[in-house]
Amino acid sequence: MTRSTLGGAVLRGTVSTALMASLMSAPALAAPPVDLSKWSPEYVRSIAGTQDFDTAGDCGKVTPLDYKGRLTFWYQGVFEGDPDLLRQYYKDFFETFRKTYPNIQLEEQALTYNDLLDKFRTALLGNAAPMAVRLQILGGTEFASKGYLQPLKPEDVGYSTEDFWPGAMKAVTWDGVTYGIPTNNETMAFIWNADIFKRAGLDPNKPPATWDDVVKYSKQIHDKLGIAGYGLVARKNAGNTPYRFMPQLWAYGGGVFDETTANPTYKDIELNSAQSKAALQASYDMYVRDKSVPVSALTNQQADNQPLFLAGQLGMMISHPSDYNVMLDLQKKATGTDKDKAQTVIDNMRYGLIPTGPDGKRAVVFGGSNIHILKPEYVEGGKVDEPAAKAIICMWTSPEWSLKMAYAGSNPGNLNGFKTKWMKERLDSIKFLDVTTSMLPYGIPFPALPQSPEIMNIIVPDMLQNALTGAMTVDQAADDAAKKVKDLMGGGL
Amino acid sequence: MTIVSGKAEARRRLQPATSDVLRKMWEHRADYAYVLPAIAVMLIVIAYPIYYTIELSFFNTPPGLQLRDKIFVGFNNYTAILTSGVFWQVTFNTLIWTAASTFISFVLGFAAALALHRDFIGRGILRAILIIPWVISAVAASYIWKWIYHSDFGIIGAVLVELGWATRPPNFIDSVSTVLPSLIVVNIWREFPFAMIMMTAGLQTVPEQLLRAAKVDGANAWQRFWHVTFPHLRNVSTVTILLLAVANFNSFIIPWIMTGGGPSNASHIWITHIYELAFGRQRWGVASAYSVLLFIILMTLGYFYVRALSGNERKDGSA
């Protein structure tokens, strides 16, 4: 693994790219608890374990610990692709909350990423929403713009706006008002199997530097070994697709709008620019021309790539650090010779930075989730127990729990989480964590628009599917997608 | 006869008729009381949603606005649907899906019913086995079939490659040309037991003496089937086909779970498309317009279903 070069690469990246500026450009960048300009694996290690926090004490100042109330709460929880470790932390969180606030009657409901939006939208139409909700980063502006959410800022639950990534705060801000608090922020990394690289005649310790290299490496792996090279994902209405395609699109210099700039206006549609088409062409080349990616890419999700990777049938993919733990979980469940094969794959699992585009641009989706409070008129029973809602929000977004709930796969929304002892423990126990943390400065948030869920979950995957199935040429698919975005932004039917 | 006396005559004729109806209604007041709760529930859970869907179909619902802020657009949603390429693609898919699933399920179900109508050892066990696909949860079945069809590690592909009959697994659900037939196979697998049960029930009503008489008259097996059994099953066949057609038109679980309508809309049928428009894209207005059109089609099928049932009743009554 090329871990020794990561620090330099990240430092160069932080200084030179406008992507960093995008994350740091919020006006509230007065005094964050950590120095974002120094961001590097070494810096993250240096601050880990330097401060203690009293979660119950801090939240007790927001909502007294003996407060008696009732709270309905929906959240995007763990799904089949998450490691067991994360399940345990979710369990621990709710147990701790009930112990800390024994008089709050909590009725929580976990939903997966792909189901939450549909169910939440339906509940809102019937004024049957929960009092508080934790949504994926895409959802905030949609519901804020429609007037479903109450204004809610970190200061309301005892923190300051500077405690959170400025880029993440953009995703909870609509029309100048803050409507939520980030719980976690994530960036993914590039994963490869060193043994497959070696057998395919590639340098096992060197990941592809550019997306053009990914196309070449994928073909080489497929031609030499007869297995899939790169784990392309193009399913519709699944969060996995934009999280894996957008880094490629941005690296080539494309975009849906101008979301990669420091101060995006979202006015001009870039989906059919030459750069965007080049990114789509790269996917086309891998899927259609070279047939070097899983055939099931059009209907699968990342959860389908994981067993392929563990079986040694996939050379490269984009994912979280948690995938390492997922592999360990899956390996434990394997039997006979499969167990040894899986161990070989785990031993050869490597993490690196996501490749750049032809111009050296590196990008990754600045993902995560946010927590919100609903307006009473949209809630079942017409009442919101605000102190109870603030109690759970204070706990979840605390340095301790925002770190623990993102333990294996993500990063704490509250920047103070990086200073806790659990961050130190995590850096020691979660392999490759520093690689994904290193990708944070390259993170680009999805456009903070109410139309974003449709663009990312429907239009972008449709564009991929139209090109990859041959239903349209690459040019036609990109033009069609751009037209759909234009119609959508124009309020068309 | 003058106009005045004509009217009086008409009133005289009407009065006994009206009072007769009222008298009959009064006599059956207990029956009305029994069905009243059901009618009340239907009005709430069926009539109002139908009215609201029709109303909503005349509005635009952009993603940035709440539903209550919807914008009146008249028939624009209907125009947009009928001029959209996706509509015709989805309609074509729906027709293929419905016709193929209904016809093949019926034929297979009928054939299985005929085969199992004869008395032989193990018939009961075979019947029970054949009913399994129908009683399995559609969700579970969809996930299992998705795994069976998987283009990279599906069981069919693995067997074919292992036997040397293919160099790489066939592409069932990741290709625009094979996805719909592949899903239709799954649907038929799930539905033909229903047709089998219906036709088995029908076969048990064919009078044995008619078949014996035909045999005595020298009719061979095919002639007995075609001239005695099949005509006798006409009504149950019609009902079975109509029920299958309505169910297939309304199908959602199999295509949604297995492909989500993809790739590239190749397996989108009306219901999955409506769901995506409404819940994925929040185009409640367009989705409602689609639903109204679907409602009209299904009501037409429903009309024929009721007519078929009424035909049965009339026949039974006259027999």
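Summary of the structure given here. (Residues numbered from 1 in each chain as written. Chains lettered and ligands numbered in written order. Predicted model: local features only at pLDDT ≥ 70, side-chain atom pairs only at ≥ 80, totals over all residues. Heavy atoms only, no water.)

A word on the overall build of chain A. Counting secondary structure elements, chain A contains 21 helices and 14 strands. In terms of C-alpha radius of gyration, chain A reaches 22 Å, essentially the compact-globule figure of 23 Å for 493 residues. With respect to the three principal axes, the spread of C-alpha positions in chain A is 65 × 50 × 45 Å. Looking at chain A as a whole, 64% of its 493 residues are labelled buried. For chain A, the share of sequence-separated contacts (at least 6 apart) that also reach a separation of at least 24 residues comes to 76%. Entry remark: accessible area of chain A is about 16,500 Å², with carbon and sulfur atoms responsible for 50%. The distance from the centre of the 49 positive side-chain charges to the centre of the 54 negative ones in chain A is 3 Å. (Helix = DSSP H or I, 4+ residues; strand = E, 2+ residues; numbered from the N terminus. Rg over C-alpha atoms; globule rule 2.2 N^0.38 Å. Buried < 20%, exposed > 50% of the residue type's maximum accessible area, 1.4 Å probe, protein only. Contact = heavy atoms within 4.5 Å. Areas by Shrake-Rupley, 256 points an atom, 1.4 Å probe, with all protein chains shown as cover. Lys, Arg positive; Asp, Glu negative; His and termini not counted. Charge placed at Lys NZ, Arg CZ, Asp CG, Glu CD.)

Generally speaking, a soluble globular protein has its nonpolar side chains buried in company with each other. Membership of the largest hydrophobic core comes to 143 residues, with the highest contact counts inside it found for Leu71, Phe73 and Tyr230 of chain A. Setting aside its immediate chain neighbours within four residues, Phe73 of chain A contacts Phe94, Leu106, Glu107, Glu108, Gln109, Pro130, Ala132, Val133, Arg134, Ile371, Ile392 and Trp396 of chain A. Val239, Phe249, Ile274 and Trp284 of chain B belong to the second-largest nonpolar core, a separate cluster that totals 24 residues. (Core = buried A, V, L, I, M, F, W, Y, C linked by side-chain atoms within 4.5 Å.)

Moving on, we come to helix α13 (residues 302-310) of chain A. All names here are of chain A. Of all the nine residues making up α13, seven are buried; the element is thus mostly covered by neighbouring parts of the structure. Among the residues of α13, those classed as buried are Gln302, Ala303, Asn305, Gln306, Leu308, Phe309 and Leu310. Looking at the buried residues of α13, the elements they touch are β7 (189-193), α11 (240-251), β9 (314-319), α14 (322-333), α15 (337-347) and β10 (349-352). Just beyond α13, the residue with positive phi is Gly312, at close to 75°.

This brings us to the packing of aromatic side chains. Working definition: an aromatic ring pair is given by the centre-to-centre distance plus the angle between the planes. Summed over the entire model, instances satisfying the criterion amount to 54 aromatic pairs over all chains. On the numbers, 5.1 Å between centres and 80° between planes, the contact of Phe93 of chain A with Phe94 of chain A is edge-to-face. Assessed through its relative accessible area of 5%, Phe94 of chain A is described here as buried. Geometrically, the ring pair formed by Trp145 of chain B and Trp189 of chain B is edge-to-face, given 5.6 Å between the ring centres and 65° between the ring planes. Of this pair, Trp145 of chain B sits in helix α6 (residues 138-149) while Trp189 of chain B sits in helix α8 (residues 179-203); the two residues are 44 residues apart in sequence, bridging distant segments of the chain. Here a set of aromatic residues connected by ring pairs shows up, and it is made of Phe73, Tyr75, Tyr90, Phe93, Phe94, Trp396 and Trp401 of chain A. A cation over an aromatic ring shows up here: Lys119 of chain A above the ring of Trp74 of chain A, its NZ or CZ 5.1 Å from the ring centre. Seen from the ring of Phe59 of chain B, Lys70 of chain B lies directly overhead, with NZ or CZ sitting 5.0 Å from the centre. (Phe/Tyr/Trp six-rings, centres within 6.5 Å; stacked < 30°, edge-to-face > 60°. Lys NZ or Arg CZ within 6 Å of the ring centre and 35° of its normal.)

Note that all results are geometric; they support no functional claim without further evidence.
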